[in-house]
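These are the residues of each chain, in order.
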Amino acid sequence: QEGFHWRFLEKTATFPTVIGQLTYDFPTDIDSSKIFDLRQQETDVKITYKPQEWVDKYYPEPTNVSGNPLIYTLWANGIKLIPVPASVITIYERYIKTITTLTDGATVTDIPNKWDDVITQGVLMKAYKFDRRLEDALDAEKQFLSGIDRMKLDNESVIDYSPVAEGHRVEYVDMPRYKRPII
(Lines give C-alpha, C1' and ligand atoms only; values in the text may rest on other atoms or scores of the structure.)
Protein backbone atom coordinates (compact mmCIF):
# COMPACT_ATOMS: atom_id res chain seq x y z
CA GLN A 1 0.00 0.00 0.00
CA GLU A 2 1.86 3.00 -1.34
CA GLY A 3 0.80 5.86 0.93
CA PHE A 4 -2.86 4.92 0.83
CA HIS A 5 -5.03 2.06 1.96
CA TRP A 6 -7.65 -0.14 0.39
CA ARG A 7 -11.09 0.86 1.62
CA PHE A 8 -12.15 -2.77 1.83
CA LEU A 9 -9.65 -3.14 4.70
CA GLU A 10 -11.24 -0.42 6.88
CA LYS A 11 -12.68 -1.82 10.11
CA THR A 12 -14.21 -0.60 13.33
CA ALA A 13 -14.12 -2.01 16.83
CA THR A 14 -15.09 -1.03 20.34
CA PHE A 15 -13.56 -1.84 23.68
CA PRO A 16 -14.52 -0.96 27.25
CA THR A 17 -12.10 0.93 29.44
CA VAL A 18 -11.11 -0.37 32.85
CA ILE A 19 -10.91 2.03 35.78
CA GLY A 20 -7.23 2.82 36.40
CA GLN A 21 -5.91 0.96 33.33
CA LEU A 22 -3.54 2.96 31.11
CA THR A 23 -2.76 0.59 28.19
CA TYR A 24 -5.10 -1.33 25.88
CA ASP A 25 -4.23 -3.90 23.21
CA PHE A 26 -4.65 -3.28 19.49
CA PRO A 27 -7.28 -5.34 17.69
CA THR A 28 -5.76 -8.68 16.67
CA ASP A 29 -6.21 -7.98 12.95
CA ILE A 30 -4.78 -4.44 12.85
CA ASP A 31 -2.13 -3.58 10.23
CA SER A 32 0.71 -2.49 12.55
CA SER A 33 -0.62 0.67 14.20
CA LYS A 34 -2.82 2.12 11.43
CA ILE A 35 -5.55 3.79 13.47
CA PHE A 36 -7.75 6.48 11.92
CA ASP A 37 -9.24 7.70 15.15
CA LEU A 38 -10.58 6.92 18.59
CA ARG A 39 -13.59 8.43 20.25
CA GLN A 40 -15.72 7.92 23.29
CA GLN A 41 -18.81 6.15 22.06
CA GLU A 42 -21.26 7.51 24.64
CA THR A 43 -20.33 11.18 24.36
CA ASP A 44 -18.82 11.37 20.84
CA VAL A 45 -15.73 13.12 22.25
CA LYS A 46 -12.82 12.60 19.86
CA ILE A 47 -9.70 11.35 21.55
CA THR A 48 -6.74 13.24 20.09
CA TYR A 49 -3.53 11.47 19.06
CA LYS A 50 -0.26 12.74 20.54
CA PRO A 51 3.17 11.18 19.95
CA GLN A 52 4.86 9.41 22.87
CA GLU A 53 7.45 12.21 23.11
CA TRP A 54 4.64 14.71 23.80
CA VAL A 55 3.21 12.42 26.49
CA ASP A 56 6.67 12.06 28.07
CA LYS A 57 7.01 15.84 28.19
CA TYR A 58 3.57 16.74 29.59
CA TYR A 59 2.57 13.54 31.42
CA PRO A 60 5.84 11.95 32.60
CA GLU A 61 3.83 9.74 34.96
CA PRO A 62 0.45 9.37 33.22
CA THR A 63 -1.01 7.11 35.91
CA ASN A 64 -1.05 10.10 38.30
CA VAL A 65 -3.87 11.70 36.30
CA SER A 66 -7.29 10.09 36.02
CA GLY A 67 -10.49 11.23 34.43
CA ASN A 68 -12.16 11.13 31.06
CA PRO A 69 -9.63 10.12 28.33
CA LEU A 70 -8.95 12.93 25.85
CA ILE A 71 -5.54 11.90 24.46
CA TYR A 72 -4.08 8.67 23.17
CA THR A 73 -0.65 7.58 22.09
CA LEU A 74 0.69 4.41 20.54
CA TRP A 75 3.15 2.39 22.55
CA ALA A 76 4.54 -1.08 21.83
CA ASN A 77 1.53 -3.11 20.68
CA GLY A 78 -1.15 -0.96 22.21
CA ILE A 79 -2.86 2.30 22.92
CA LYS A 80 -2.33 4.45 26.02
CA LEU A 81 -5.31 6.56 27.13
CA ILE A 82 -4.65 9.80 29.02
CA PRO A 83 -5.94 10.67 31.52
CA VAL A 84 -6.24 7.13 32.81
CA PRO A 85 -9.96 6.24 32.75
CA ALA A 86 -11.76 6.98 36.02
CA SER A 87 -14.91 5.16 34.86
CA VAL A 88 -15.93 2.45 32.44
CA ILE A 89 -16.69 3.89 29.00
CA THR A 90 -16.75 2.38 25.54
CA ILE A 91 -14.05 3.46 23.10
CA TYR A 92 -14.84 3.29 19.38
CA GLU A 93 -11.91 2.94 16.98
CA ARG A 94 -11.48 2.93 13.21
CA TYR A 95 -8.42 1.18 11.77
CA ILE A 96 -6.92 -0.69 8.82
CA LYS A 97 -6.77 -4.47 9.10
CA THR A 98 -4.08 -6.71 7.69
CA ILE A 99 -5.09 -8.55 4.58
CA THR A 100 -5.83 -12.22 5.15
CA THR A 101 -3.18 -14.47 3.64
CA LEU A 102 -4.33 -16.42 0.62
CA THR A 103 -3.88 -20.14 1.09
CA ASP A 104 -4.84 -23.30 -0.80
CA GLY A 105 -7.90 -23.78 1.38
CA ALA A 106 -9.01 -20.14 1.46
CA THR A 107 -12.59 -19.78 0.31
CA VAL A 108 -13.13 -16.19 1.45
CA THR A 109 -10.69 -13.31 0.99
CA ASP A 110 -10.76 -9.66 2.03
CA ILE A 111 -10.56 -8.60 -1.60
CA PRO A 112 -13.95 -8.02 -3.25
CA ASN A 113 -14.91 -10.61 -5.86
CA LYS A 114 -14.92 -8.03 -8.64
CA TRP A 115 -11.10 -8.04 -8.46
CA ASP A 116 -10.66 -11.82 -8.87
CA ASP A 117 -9.17 -11.29 -12.34
CA VAL A 118 -6.44 -9.08 -10.89
CA ILE A 119 -5.55 -11.67 -8.25
CA THR A 120 -5.53 -14.39 -10.91
CA GLN A 121 -3.11 -12.38 -13.07
CA GLY A 122 -0.83 -11.83 -10.06
CA VAL A 123 -0.79 -15.57 -9.35
CA LEU A 124 -0.14 -16.38 -13.02
CA MET A 125 2.70 -13.85 -13.11
CA LYS A 126 4.43 -15.65 -10.22
CA ALA A 127 3.68 -19.12 -11.61
CA TYR A 128 5.00 -18.31 -15.08
CA LYS A 129 8.24 -16.94 -13.63
CA PHE A 130 8.65 -20.14 -11.61
CA ASP A 131 7.97 -22.19 -14.77
CA ARG A 132 10.43 -20.00 -16.74
CA ARG A 133 7.76 -18.86 -19.21
CA LEU A 134 9.08 -15.31 -19.50
CA GLU A 135 6.74 -14.10 -22.28
CA ASP A 136 3.65 -15.28 -20.41
CA ALA A 137 5.01 -13.86 -17.13
CA LEU A 138 5.53 -10.43 -18.71
CA ASP A 139 2.01 -10.44 -20.18
CA ALA A 140 0.49 -11.51 -16.84
CA GLU A 141 2.52 -8.82 -15.03
CA LYS A 142 1.27 -6.17 -17.45
CA GLN A 143 -2.35 -7.26 -16.90
CA PHE A 144 -1.81 -7.48 -13.13
CA LEU A 145 -0.39 -3.94 -12.88
CA SER A 146 -3.17 -2.62 -15.10
CA GLY A 147 -5.67 -4.27 -12.75
CA ILE A 148 -4.00 -2.70 -9.70
CA ASP A 149 -4.35 0.71 -11.37
CA ARG A 150 -8.08 0.02 -11.92
CA MET A 151 -8.41 -0.99 -8.26
CA LYS A 152 -6.69 2.24 -7.13
CA LEU A 153 -8.97 4.35 -9.32
CA ASP A 154 -12.04 2.58 -7.96
CA ASN A 155 -10.70 2.92 -4.41
CA GLU A 156 -10.48 6.73 -4.82
CA SER A 157 -14.11 7.22 -5.83
CA VAL A 158 -16.47 8.50 -3.17
CA ILE A 159 -20.09 8.22 -4.22
CA ASP A 160 -21.75 9.90 -1.24
CA TYR A 161 -20.16 13.31 -1.59
CA SER A 162 -22.46 16.31 -1.30
CA PRO A 163 -20.76 19.48 -0.15
CA VAL A 164 -22.79 21.63 2.21
CA ALA A 165 -22.07 25.34 2.21
CA GLU A 166 -21.36 26.81 5.61
CA GLY A 167 -22.83 30.16 6.53
CA HIS A 168 -20.78 33.24 7.26
CA ARG A 169 -21.08 32.49 10.97
CA VAL A 170 -18.78 29.75 12.13
CA GLU A 171 -18.94 28.37 15.63
CA TYR A 172 -15.60 27.18 16.97
CA VAL A 173 -15.66 24.47 19.60
CA ASP A 174 -12.50 23.67 21.49
CA MET A 175 -13.47 20.00 21.96
CA PRO A 176 -13.59 18.04 18.67
CA ARG A 177 -16.77 15.99 18.46
CA TYR A 178 -18.48 13.77 15.96
CA LYS A 179 -22.10 14.63 15.33
CA ARG A 180 -24.57 11.81 15.68
CA PRO A 181 -27.09 11.58 12.87
CA ILE A 182 -30.61 12.72 13.74
CA ILE A 183 -32.89 9.75 13.53
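### Quick notes on the overall build of the protein chain
Of regular secondary structure, the protein chain possesses three helices and nine strands. Across the 183 residues that make up the protein chain, the buried fraction comes to 30%.

### Points about the packing of aromatic side chains
A full pass over the atoms with the stated rule returns five aromatic pairs. Look at Trp6 and Phe8: their rings are 5.7 Å apart centre to centre, the planes differ by 10°, and that puts the pair in the stacked class. For Trp6, a relative accessible area of 12% translates into the label buried. The partly exposed category is assigned to Phe8, whose relative accessible area is 24%. On the basis of an interplanar angle of 45° and a centroid distance of 6.0 Å, the ring pair of Trp54 and Tyr59 is categorised as tilted. Owing to a relative accessible area of 23%, Tyr59 belongs among the partly exposed residues under this scheme. Grouping aromatic residues by their ring pairs yields a cluster made of Trp54, Tyr58 and Tyr59. Here the guanidinium or amino end of Arg39 rests over the ring plane of Tyr92, the centre of that ring lying 4.2 Å away. Cation over ring: Lys80 sits above Trp75, and NZ or CZ is 4.8 Å from the ring centre.

### Details of unusual backbone geometry
Cis geometry is adopted by the peptide bond preceding Pro83, which originates at Ile82 and carries an omega value of -10°. Here Pro83 shows up in the loop between β7 (78-82) and β8 (84-85). Phi at Ser32 takes a positive value of approximately 50°, unusual for a residue other than glycine. Within the secondary structure, Ser32 is located in strand β3 (residues 30-40). Positive phi values are uncommon outside glycine, yet Ala76 reaches one of about 55°. Structurally, the position occupied by Ala76 is in the loop between β6 (71-75) and β7. A relative accessible area of 66% places Ala76 in the exposed class.

### Examining helix α2 (residues 116-130)
Under the 1.5 Å per step criterion, the end-to-end length of α2 is 21 Å for 15 residues, consistent within 8% with the ideal 21 Å. For α2, the full list of buried residues reads Val118, Gln121, Gly122, Met125 and Tyr128. Relative to the axis of α2, the buried residues are bounded by an arc of 135° and lie together on one face. Turned more than 90 degrees from where α2 packs its buried face, Val123, Lys126 and Phe130 sit exposed. Just downstream of α2, Arg132 is the residue with a positive phi angle, here 60°.

### Looking at the side chain of Asp29
Residue position: Asp29 is located in the loop between β2 (23-25) and β3. The exposure class of Asp29 is buried, given its relative accessible area of 18%. What Asp29 contacts, discounting residues up to four positions off in sequence, is Lys11, Tyr95, Ile96, Lys97 and Thr98.

### Focus on the nonpolar core
Core analysis: the biggest nonpolar cluster contains 13 residues, and Ile35, Leu38, Ile47, Tyr72, Ile79, Leu81 and Ile91 have the highest contact counts within it. The set of elements that each furnish at least two residues to this core consists of β3, β7 and β9 (90-97). Element by element, the count of residues in this core is highest for β3, at three residues. Every residue in contact with Tyr72, bar those within four places of it in the chain, is listed here: Ile35, Phe36, Asp37, Leu38, Ile47, Thr48, Tyr49, Lys50, Ile79, Lys80 and Leu81. Residues Trp6, Ile111, Ile148 and Met151 belong to the second largest nonpolar core, which totals eight residues.

Thresholds, definitions, all that
Residues numbered from 1 in each chain as written. Predicted model: local features only at pLDDT ≥ 70, side-chain atom pairs only at ≥ 80, totals over all residues. Heavy atoms only, no water. Helix = DSSP H or I, 4+ residues; strand = E, 2+ residues; numbered from the N terminus. Buried < 20%, exposed > 50% of the residue type's maximum accessible area, 1.4 Å probe, protein only. Phe/Tyr/Trp six-rings, centres within 6.5 Å; stacked < 30°, edge-to-face > 60°. Lys NZ or Arg CZ within 6 Å of the ring centre and 35° of its normal. Expected span 1.5 Å × (residues − 1). Arc of directions from axis to C-beta. Contact = heavy atoms within 4.5 Å. Core = buried A, V, L, I, M, F, W, Y, C linked by side-chain atoms within 4.5 Å.

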